[in-house]
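Secondary and tertiary structure notes
Each chain, written out:
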Amino acid sequence: MRAPIHITRLLAMVGKEFVQMRRDRLTFAMMAGIPMMQLLLFGFAINQDPKHLPMGVVNGDSGPLTRAMVAGMQVSDYFRVVDADLSASEATEQLARGELQFVLHVPPDFERDVRRGRHPALLVEADASDPSATSRGLSALSEIGRRAAREVLKGPAAPLQQTAPPFSVTVHALYNPEAHTAYNIVPGLMGVILTMTMVMITALAMTRERERGTLEMLLSTPVRPLEVLVGKIVPYIVVAYIQIGLILVAARLIFKVPFEGSLPLLLGAALVFVLANLGVGVTFSTIARNQLQAVQMAFFFFLPSILLSGFMFPFRGMPDWAQAIGSVLPITHFLRVVRGIMLKGAGWLEVAPEVAKMALFLVGSLTAAVARYRRTLD
Amino acid sequence: MKEDGDAAIEVRGLTKRFGDKTVVDDVSLRVPRGSVFGFLGPNGSGKTTCLRMICGLLEPTAGDGTCLGFDILSQRREIKREVGYMTQKFSLYEDLTVAENLAFVARVYEMPDARHLLQQTLERFDLAGRQRQLAGSLSGGWKQRLSLAACMLHQPRLLLLDEPTAGVDPKARRDFWEEIHQLAAEGLTVLVTTHYMDEAERCTHLAYLAYGKLLVQGDPTSLVQQSGLTTFNVTARESADLAVRLRALPGVDLVAAFGKGLHVCGRDAVALRAALDAVAHEGEVEVRPGRTSLEDVFIYLMGQTPDNFANPSSASIEKGGAS
Ligand SMILES: Nc1ncnc2c1ncn2[C@@H]1O[C@H](COP(=O)(O)OP(=O)(O)OP(=O)(O)O)[C@@H](O)[C@H]1O
Ligand SMILES: [Mg+2]
């Protein structure tokens, strides 16, 4: 009888893990609570598309072009024109108080300069303390201005707007040029949430056995290493799928993220990703001496996962060394898989290379876990 | 399966080093089948480490041997199946109930008819009334009882018990020892560590470990004889500094409180006798021949061996000098 796994013993391990999981209220709450909180924080509060941002106009020129632009802003979702005729000092004051997000300065003789082809500049002051809100608004503003010009500038001035915009928009603010939307962020969160909970909770689960002394009992029984490892991992696969379910439902119902591709494909690819992370967690738990160390190691893994994977910053925009680290991490590939399947309807062929890279990591992490697992207390 | 004579455990030259600290040093043990073998020694003398090596939880640095006829180096899995090991520290799951813990152990050992076995064990160890209680919420003595139940559940042929009665009340302790002897009579071998002398006296065999070295082994009476100690009971009305005075006398190797009086022991019977006679002559002190107890022997042994673990640097100097 040399089978590495015996079903009775494996079931004993799995059953025990489930009971312990159920009794450990805090961990249990964490497994459901962390995904919900992150979803709401990232998906809703932080990166919701800004709407109806308060805007003021310092109008040095009240010609038809300016009026058309203000009207355009008024009807757009992005802006709410609070006051279309501010003085420069009022505008500065209100911006400072946070009552206005934007102030649009229209220079005197703006329309005339446009018609003469002088490319005058519109100045926009933006409250950059909320960069993501600002960036979306600004791109909308340029577009609204362009449309207004197209409408108003007919007749002799018409050729002007065929080549380039007849005026430029100068922005006085610092902001993040990346415009994240819920479409991008919610699928990405699936990778982040799974990484965080899987690595941390498995690392803790194994270290706990050592810390509480139960490992000594476990090792004195005929349980095999693989039975212990698989017994630890199986319950967390179930947890992972519950989390994936929660995220998908929230993505659909709350954030209205489309789902273009195949659900089974996503669930299959997720299994590879989840196992890769569980392997990392188990490996950490064989190194960590106590639970605190296990948590620290989990965070050590979590930080690059969130920063260098393309979740926070666009992957291609990162320096080479960061991309090199990022492409080792399974989450980087998983993000591409999830976004590909959910948003672009990617099929098996398109996601296969990314899944292969995750599988490679999985083999590595599980090998490390099995190799590091000790049969004795030494 | 090769049975090694009638020894349940037979190890030779068992040694364990942690870093440069030799925790178990060249220990050779023979535990006969069906014996109740007491393993004694001061704190930190390496008893737990020895047990762990015997049941395959620690890899010996050197030495070999057999346990139930299986090689302790290469047949750990077979050993684990036949041995019940009760750890010194409670090592069952505190967040599982009594019944869940036992059921887990039964399934891990792949016991047939686990349900029936569980019920039987609960009743035998008086745990039925507490079966739904979380193990972590049991009192210390009940935890010990649960641990014992868990390590006997799979009907092992050898029990390794590491201080099984620490913190257990006197009645439970007596019941426990009756149980142990009952099991031994049925052919089970028990290796048990303890710090209690009354328990040591109930063992059929004893071994005494001090600072990693096995000093003596044998049955309790032969240990007393081997020690070569002669003992006198000394009582006095004014006994405040008596012990100190006696200890300074020639021929006195050990002075230990015993009941209301003192046990004075020495290896050189003649010198001891002479010294005590002189003291008795001064009056107010009564000297009568006494019986050397196991406790006297062990306290004497403890005094004979320097604590070479207490100061790691001195230990390594010693070792350096020896090699
Ligand atoms: N994993 C380890 N690493 C380093 N030293 C260890 C380890 N385990 C035990 N020791 C040391 O080995 C020595 C013997 O320990 P052991 O637990 O075997 O003693 P013991 O006889 O069981 O003591 P007690 O009566 O207090 O239970 C101690 O000095 C201890 O510090
Ligand atoms: Mg001990």
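Preceding block: the structure.
What counts, and where the lines are drawn
Residues numbered from 1 in each chain as written. Chains lettered and ligands numbered in written order. Predicted model: local features only at pLDDT ≥ 70, side-chain atom pairs only at ≥ 80, totals over all residues. Heavy atoms only, no water. Contact = heavy atoms within 4.5 Å. Buried area = accessible area lost by both parts, 1.4 Å probe. Salt bridge = Lys/Arg side-chain N within 4 Å of Asp/Glu carboxyl O. Polar contact = N/O pair within 3.5 Å; in protein donor to acceptor, adjacent residues only side chain to side chain. Helix = DSSP H or I, 4+ residues; strand = E, 2+ residues; numbered from the N terminus. Nonpolar A, V, L, I, M, F, W, Y, C, P; charged D, E, K, R; others polar. Buried < 20%, exposed > 50% of the residue type's maximum accessible area, 1.4 Å probe, protein only.

1. Considering the interface of chain B and chain A
With 27 residues of chain B at the contact, the number on the chain A side is 29 residues. When the area that chain B buries against chain A is broken down by residue, the three leading residues are Leu57(B), Arg77(B) and Tyr93(B), summing to 24%. Linking chain B with chain A are four salt bridges. A salt bridge links Arg23(A) to Glu100(B); its shortest N-O distance comes to 2.8 Å. Where chain B meets chain A, there are twelve residue pairs in polar contact (both at pLDDT 80 or more). Secondary structure elements with two or more residues in the side of chain B that touches chain A: α2 (76-82) and α3 (98-108) of chain B. The residue makeup of the side of chain B that touches chain A, split by class, is eleven nonpolar, four polar and twelve charged.

2. Things to note about the environment of Ala184(B)
Residue and element names in this part refer to chain B. Its place among the elements puts Ala184 in helix α6 (residues 170-185). Separated by 148 residues in the primary sequence, Ala184 and Val36 place their C-alpha atoms 6.7 Å from one another. Here Ala184 is in contact with Gly34 and Val36, once residues within four sequence places are set aside.

3. Notes on the environment of Leu329(A)
All names here are of chain A. Looking at where Leu329 falls in the secondary structure, it is placed in the loop between α13 (320-328) and α14 (330-344). Judged by relative accessible area, Leu329 falls into the buried class, the value being 7%. Taking C-alpha positions, Leu329 is 51 Å from Glu90, a pair spaced 239 residues apart along the chain. Those residues in contact with Leu329 that lie beyond four places of it in its chain are Phe301, Pro304 and Ser305.

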